[in-house]
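# A structural walkthrough
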Amino acid sequence: MANCRLPAGVQDVLPRECSILTELKLKLERKFSLAGFSPVLSAGLEYYETFSGKENAVPEERMFKMTDTDGKLLVLRPDTTLSIARIAATKLNSDRARLSYFADKYDLENGGGLSSREIYQAGVECLGEEGAFSDAQCIAFAIECLKEAGLRDFIIDIGHVGYFKGLLEESGLSAAEAEGVRTCINRKDTMNAERLLKKAGVSGDALNNILALPALFGGANILEEAEKLTQNACAIGAVRTLQKIDRLLSDMGYEGYISYDLGMIKPLSYYSGILFSGLVKDLGAPVLSGGRYDNLADAFGKHMPAVGFAMGLKRILVALERQGSLPEEKKPLVIVAEEGQEARAYREFVSRTERGERVRLSALTGKEGAKQEQDAGYEVLPVGGNA
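Note that the coordinates shown come from a computational prediction; the quantities given were computed from them, not determined experimentally.

Taken as a whole and judged by the stated rule, the model has one cavity of 30 Å³ or more. Its boundaries defined by the atoms lining it, the largest cavity holds a volume of some 60 Å³. Around the largest cavity sit T81, I84, A85, E125, L127, Y293, L296, A297, M304 and A306, which together line it. Where the lining of the largest cavity is concerned, the elements lending two or more residues are α3 (80-91) and β6 (118-127). Ranked by residue count, the leading element in the lining of the largest cavity is α3, at three residues. Taken together, the residues of the lining of the largest cavity break down into eight nonpolar, one polar and one charged.

And the structure:
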């Protein structure tokens, strides 16, 4: 018997789940379009060098690699945002663009549970835009998209890489040391963060301020606490930006959907400003991730400051299921023809589909065919005779 197993970290999408995913995609497509975003689809195969050898490179161990017929190294799309930045910088004749997408990205390191190697995403990128209002708009739209998906009991957690960068300026850490500390802080692993900092010779206020980061989460009041911790201009600037965003989002009516976490620190070479995650009650992983990445397009020859986010559609389905919010399965009406009335039944089938009804023309006929369809749980429409 042929091997019917799948590699770790990938899943087949069966009809019920696929139907829900399709409905979710249609709702979000409409949401994106009405908000002025233009759809784009990047190539699934790209050159390895597009994602490597840059300051914002995707880690090599996360990429699925293969060799082309000409010997050049290819990768399955490891990051959609970088692909969109490439398109915007090299193929669009505009300094500004609002783009949306639905695409798979591939991550070799993920292996199971809520972490998949094949990640089906929906996302938006606002390119050529700067400022707190642009950031606030993007976060507000992320909230609206999660609501459109049918989620409840979620929150958008907001941080800013500038605060950590400012504290680093006072620590004297090398780039490699800073990345190690960043990883620990992002995991709320204060013990190992302290070990790495002390090993690098960091002490005093510089040490204590960095170790305070994991506890700087909650409402807007933590921004005032963060401002009191340091006099560094970069860190203070990050706090002031977050305070502006907080005022804007509160005025827009989203105060109940947001919180702040200055210990949420994603890779510094990728993000340049705010970053945010969509968190859902009872789910141990974010369903949405985004932020500001002003320098991504620079590697492709054009400076286009940008902010955006991506939603993990399969994770959203898991969250909907746990919240008891999955839509009910709607079976199609089944048309069953009496023998000799197949053409008439087919015309009825075509007429109903043209009116927008969801119907299926059964390959079974007669009373026995109708009975089998009814026993399978379908509503039956007999056509011709006494089917």
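Text resumes after the structure shown.
With that settled, consider the layout of surface pockets. Space inside the second largest pocket adds up to approximately 290 Å³. What lines the second largest pocket is a set of 14 residues, among which S19, E329, K330, K331 and R358 lie closest to the centre. When residues in the lining of the second largest pocket are grouped by element, the largest group, five residues, is from helix α1 (residues 15-34). Considered class by class, the residues forming the lining of the second largest pocket number five nonpolar, one polar and eight charged.

As a further point, take the sheet that holds strand β1 (residues 38-39). Sheet architecture is open: nine strands sit in the order β1-β5-β6-β12-β11-β10-β7-β9-β8, paired in mixed fashion. If you trace the sheet from one side to the other, it starts and ends with β1 and β8 (217-218), each paired once. Of the pairings in the sheet, the one linking strand β11 (residues 288-292) to strand β12 (residues 306-312) comprises five bridges and is antiparallel in character. Its bridge partner being in β12, G290 is matched across the sheet by F309.

A word on the environment of F64. Take F64: it is sitting in the loop between α2 (48-51) and β3 (65-67). Between the C-alpha atom of F64 and that of L76, which follows or precedes it by 12 residues, the distance is 5.7 Å. Look past the residues within four positions of F64 in its chain and what remains in contact with it is L74, V75, L76, Y106, D107, L108 and R117.

Here the focus is the side chain of K302. With respect to the secondary-structure elements, K302 resides in the loop between β11 and β12. Among the polar contacts made by the side chain of K302, one reaches the main-chain carbonyl oxygen of S94 at a distance of 2.8 Å. Beyond its immediate stretch of four places on either side in the chain, K302 contacts A88, A89, L92, S94, D95 and A297.

Conventions adopted
- Residues numbered from 1 in each chain as written.
- Predicted model: local features only at pLDDT ≥ 70, side-chain atom pairs only at ≥ 80, totals over all residues.
- Heavy atoms only, no water.
- 1 Å grid on protein atoms, 1.4 Å probe; cavity = no way out; pocket = protein on both sides within 12 Å on 5 of 7 lines; lining within 4 Å.
- Points joined across faces, edges and corners; volume = space filled by probe spheres on them.
- Helix = DSSP H or I, 4+ residues; strand = E, 2+ residues; numbered from the N terminus.
- Nonpolar A, V, L, I, M, F, W, Y, C, P; charged D, E, K, R; others polar.
- Pairing = 2+ DSSP bridges.
- Contact = heavy atoms within 4.5 Å.
- Polar contact = N/O pair within 3.5 Å; in protein donor to acceptor, adjacent residues only side chain to side chain.

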